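Examination of the molecular architecture
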Amino acid sequence: MKYRFVVLLCSAALLAAACKPVSRGPVYLNLDADIEDRVEDALSRMTLEEKVAVLHAQSKFSSPGVPRLGIPEIWHTDGPHGIRPEVLWDKWEQAGWTNDSCTAFPALSCLAATWDRELALLFGRSIGQEARYRGKDVLLGPGVNICRTPLNGRNFEYMGEDPYLAGAMVVPYVKGVQENGVAACVKHFAVNNQEWDRTSTNSVVDDRTMYEIYLPAFKAAVMQGGAWAIMGSYNLYNGHFNCHNSHLLNDILKGEWGFDGAVISDWGGARDDEEAITGGLDIEMGTWTDGLSGGASNAYDNYHLAAPYLARLRDGRTDMETLDAKVRRVLRLNFRTAMARDRHFGNFCTPEHDAAGRKIAAEGTVLLKNDGGVLPLDIPEGGKILVVGENAVKKQVVGGGSSSLKTRFESTPLDALMEAFAGKADVVWERGYVGDISNSYNRVSTGQDLSDPRSPGQLIADAVAAADGADCIIFVGGLNKSKHQDNEGTDREQITLPYGQDKVIEALAGTGCKLVVVNISGSPVAMPWADCAGAIVQGWYGGSQSGRGLVDVLTGVVNPSGRLPFTVPFALEDGPLKTERQYPGISEEGKKWKQEYYDEGVFIGYRWFDAQGIAPQFAFGHGLSYTTFEYGDVELSRSSLRAGTPLKVSVTVRNTGGRDGAEVVQIYVADKEASVARPPKELKAFGKVFLKAGESRKVSFTLDADAFSWFDAGAHAWVAEPGEFEILAGSSSADIRSAATVKLL
Ligand code: BGC
């Protein structure tokens, strides 16, 4: 019996072994093998020339694989809110493909305004699927540079002014993208907080400010999100260009944070042979070569990490270990993406992606003011809505720089209002002002003709006349993606609205009609007319479903729950950047590059306004709902603790209004007494909670040592000093509803 059992077992084992696919061939092609073993195996088979080849571009948006070994090329794409249309092999010009019109998702400033981690995951997942379908391996996004000044042209691509918020939102985005076997390339690392002279300005920032404000979102993307790629920024930081800034890339990113992915240069961001080799760069893209005039047969051979590197390796001027370390990272990127196991094929322009974009656009819309319940719109049957403003009709997906997209469809606010009120009310539109009539970017055209010969005075007069008999006026204006607006490569010139819009709004207010002002922008704008508007809404560049997402909120189909990811000041002068040396930087005797001093240190955004006691127009975290919420007491799991012991913070929130809705509960920590100047309070936790009318729920958060600490540059360590801390629960940074005190021992 025993013998028969053993025989049976042996035959079963033999059978199993026979059925298991025996992996023949090299380890690097064995999908079952450990990724590090595959990397080492591939590396051992590569020639010197093949190793150098994978470290730099072969076209505008691709870098080579190893053709002899069957290792594929890596295809990169912008990013960060849709898949960029194809350009020519060597040029920025459109390739003219007809299959590359993507779903444009909302800009990341809108995503940040949702304060909803699940929507960040949905965003990442959806855009990752589109990247995958389009055959891309690296998505050049998300961007998490902090909004230091309202004037930064690229604020619209980033996630606001607070490192905790940006960090919390970037993690699920990265995870969602990478689920698809597509790498997120988090950008622009680091302190790239202005577009003005971005390739020739040295950001001078002290360590405490770096670690507390400008690095945390990147750190979260790497250490919690597991980002597979990071893009260096154009500017210099403390004297070195960031695409090969050894301190930033070798010491902090790869050293302190243990980043095992690839550092990719911004396009043209690598500037020096030696630093490109030793400064932590792994893949060089977009370098501005002098074409073929440098003597090489291929312009890409002129790249710092191409022929110059090869020459140094051949004559022993530089070491092989650094080369191998770079190649390992590129191979790892390859095995995680282009050669990933079980990589699906993605999908593109699906109804689900449209629905995701519309949801994010609506949930990011921020209701800033709503006096007398002007919103949601309550228009009598057969009534009249007057819509005024260029942004009601202007398509905004095209423009703004590298994030410009080609999309099959774009819903404008006017179209969406007409859809929503079809057969119920008359929706009429008046221009009000002429702003930017351009209709194309990089040869992608919206096909719109926005020219209008009327004078500014006439436009206003016509808009005012059209208000006759209107039940409500909706002004839709703000910025756009042209030069000196929300736009890569230039900063804004002022914080006020361009094209005389303030005058238009004031004239409309003068009609006495109910007035809703919708500001569409990716940055804070001054609102001197705020008192005379019944309702004010902060809208964003919402992508393909932009208009519909916005109108869902205006009509009340969606109860607004968006919150400002930045402070809206009354005036630029109220903010922390007071001198030219702070912004936009100054030229200094004997210094090659412009210097920009971050003298304000950690005091930016609400940290500054709080510390100075200056009231902003609308505070960070502010946003209204069509219902109201009441907060109970803040309950703490203990009244005193040692740093490092988790503290549980709970607060009961009740929906006290008549509608279902979501509240963003924000937890700020205030250090009552510190040995250094600290911001009066800092966001350290938040959560979005949906409550039916009348419902209440206890929401809980856990604060760990990070929540109490500041960065001691001298000791190069985070310090949680003993003493009293206040734990504040609020609906915005300026609307704290309850508080409790805890003592750190
Ligand atoms: C931008 C990057 C972008 C790259 C490729 C650069 O000019 O700064 O954000 O990903 O171009 O288009």
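Structure's up top.
I will try to describe carefully the structure that is included in this document. Remember, predicted model here, so these are calculated numbers, not experimental data.

Focus: helix H12 (residues 320-336)
- End to end, H12 covers 24 Å across 17 residues, agreeing with the expected 24 Å (1.5 Å per residue, within 8%).
- Burial analysis of H12 places 12 of its 17 residues in the buried class, the great majority of the element.
- Restricting attention to buried positions, one finds in H12 the residues Leu323, Asp324, Lys326, Val327, Arg329, Val330, Leu331, Arg332, Leu333, Asn334, Phe335 and Arg336.
- For H12, the capping residue at the N-terminal end is Asp319, with a side-chain oxygen 3.2 Å from the backbone nitrogen of Glu321.

Comments concerning the environment of Gly279
- Tracing the chain through its elements places Gly279 in the loop between helix H10 (273-278) and helix H11 (307-314).
- Looking at Gly279, the relative accessible area reads 2%, which means it is buried.
- Separated by 31 residues in the primary sequence, Gly279 and Leu248 have C-alpha atoms spaced 8.7 Å apart.
- Setting aside anything within four residues of it in sequence, one finds Gly279 in contact with His244, Asn245, Ser246, Leu249 and Asn250.

Focus on the site of the ligand
- For the ligand, the set of nearby residues contains 15 residues, the closest of which are Asp78, Arg154, His188, Asp266 and Glu488.
- In this structure, an oxygen atom belonging to the ligand sits 2.7 Å away from a side-chain N or O atom of Asp266.
- Here the ligand loses 96% of its free accessible area of 310 Å² to cover by the protein chains.
- Class assignment of the residues belonging to the shell around the ligand gives a composition of 6 nonpolar, 2 polar and 7 charged.

Looking at helix H2 (residues 35-45)
- Within H2, burial applies to Arg38, Val39, Asp41, Ala42 and Leu43.
- Looking at where H2 begins, the residue whose side-chain oxygen comes 3.0 Å from the main-chain nitrogen of Glu36 is Asp34.

Focus on the side chain of Glu390
- Relative to the assigned elements, Glu390 resides in the loop between strand E11 (383-388) and helix H14 (413-421).
- Side-chain polar atoms of Glu390 contact the side chain of Arg431, separated by 2.8 Å.
- Residues in contact with Glu390, not counting those within four places in the same chain, are Arg431, Tyr433, Val434, Gly435, Asp436, Val476 and Asn480.

Looking at the sheet that holds strand E20 (residues 640-641)
- Taken together, the 5 strands give an open sheet; going across it, the order is E20-E28-E27-E22-E23, and neighbouring strands pair in mixed fashion. Here the strands that pair on one side only, and so sit at the sheet edges, are E20 and strand E23 (682-691).
- Direction of pairing for strand E27 (residues 723-732) relative to strand E28 (residues 735-744): antiparallel, over a ladder of 9 bridges. Bridge pairing in E28 links Ile727 to Ala740.

Topic: unusual backbone geometry
- Cis geometry marks the peptide bond from Lys187 to His188; its omega dihedral reads -5 degrees.
- Along the chain, the position of His188 falls in strand E4 (residues 183-189).
- Of note, the bond from Phe189 into Ala190 is cis; its omega dihedral lies within 30 degrees of zero at 5 degrees.
- With respect to the secondary-structure elements, Ala190 resides in the loop between E4 and strand E5 (201-204).
- The backbone of Asn238 shows a phi angle near 45 degrees, a positive value even though the residue is not glycine.
- Assignment of secondary structure puts Asn238 in the loop between strand E7 (236-237) and strand E8 (240-241).

A look at the side chain of Asp41
- Note that Asp41 resides in helix H2.
- In this structure the side chain of Asp41 is engaged in a polar contact, spanning 2.9 Å, whose partner is the backbone nitrogen of Tyr28.

Description of the nonpolar core
- Counting 188 residues, the largest nonpolar core has Phe189, Met210 and Ile474 as the members making the most contacts within it.
- In terms of residue count, helix H6 (residues 163-178) provides more of this core than any other element does, 9 residues in total.
- Excluding residues within four positions of it along the chain, Met210 makes contact with Ala190, Val191, Val205, Leu215, Pro216, Tyr237 and Leu248.
- Core analysis: the next-biggest nonpolar cluster, separate from the first, contains 25 residues, Val651, Val665, Val699 and Phe725 among them.

Overview of the packing of H2 against H12
- One way to put it is that H2 packs onto H12 with a least axis distance of 9 Å and a crossing angle of 125 degrees. With respect to H12, the axis of H2 lies oblique. In this structure, the crossing between H2 and H12 has a hand that is right-handed. Residue-level contacts link Ile35, Glu36, Arg38, Val39, Glu40, Ala42 and Leu43 of H2 to Asp324, Val327, Arg328, Leu331, Arg332, Phe335 and Arg336 of H12.
- Class assignment of the residues belonging to the contact of H2 with H12 gives a composition of 7 nonpolar, no polar and 7 charged.

Thresholds applied
Sequence order sets the numbering: in each chain, residues are counted from 1 along the sequence as written. Totals for whole chains, interfaces and linings use all residues, but because this is a predicted model, local features are given only for residues with pLDDT of at least 70 and pairs of side-chain atoms are given and counted only at 80 or more. With hydrogens and water excluded, all non-hydrogen atoms of the structure serve as input to the side-chain values. Numbering of helices and strands runs from the N terminus; a helix is a DSSP stretch of H or I covering at least four residues, while a strand is a stretch of E covering at least two. To estimate the expected span of a helix, count its residues, drop one, and scale the result by 1.5 Å. To sort residues, take the accessible area from a 1.4 Å probe on protein chains only and compare it with the maximum for the residue type: under 20% means buried, over 50% means exposed, and anything in between is partly exposed. In protein, a polar contact means a hydrogen-donor-capable atom and an acceptor-capable atom, both N or O and within 3.5 Å, with residues adjacent in sequence counting only if both atoms are side-chain atoms; elsewhere, any N or O pair within 3.5 Å suffices. The contact criterion used is simple: two residues touch if any of their non-hydrogen atoms lie within 4.5 Å. For this description, a residue counts as near a given molecule or strand if any of its non-hydrogen atoms is within 4 Å of it. Surface exposure here means Shrake-Rupley accessible area, sampled with a 1.4 Å probe, where a residue is shielded only by the protein chains that are shown. Gly is put with the polar residues, along with every residue not named as nonpolar or charged; the nonpolar set is Ala, Val, Leu, Ile, Met, Phe, Trp, Tyr, Cys and Pro, and the charged set is Asp, Glu, Lys and Arg. Think of it this way: DSSP has to see at least two bridges between two strands before they count as a pair. To define a nonpolar core, start from buried Ala, Val, Leu, Ile, Met, Phe, Trp, Tyr and Cys residues and group those joined through side-chain atoms within 4.5 Å. With axes taken as lines fitted to C-alpha atoms, and helix axes fitted only over the stretch in contact, angles between N-to-C directions fall between 0 and 180 degrees. Relative orientations are named as follows: roughly parallel for angles under 35 degrees, roughly antiparallel for angles over 145 degrees, roughly perpendicular for angles from 65 to 115 degrees, and oblique for any other angle. In this scheme the crossing of two helices becomes right-handed for a clockwise turn of the near helix relative to the far one and left-handed for an anticlockwise turn of less than a right angle.

The values are spatial; any link to function lies outside them.
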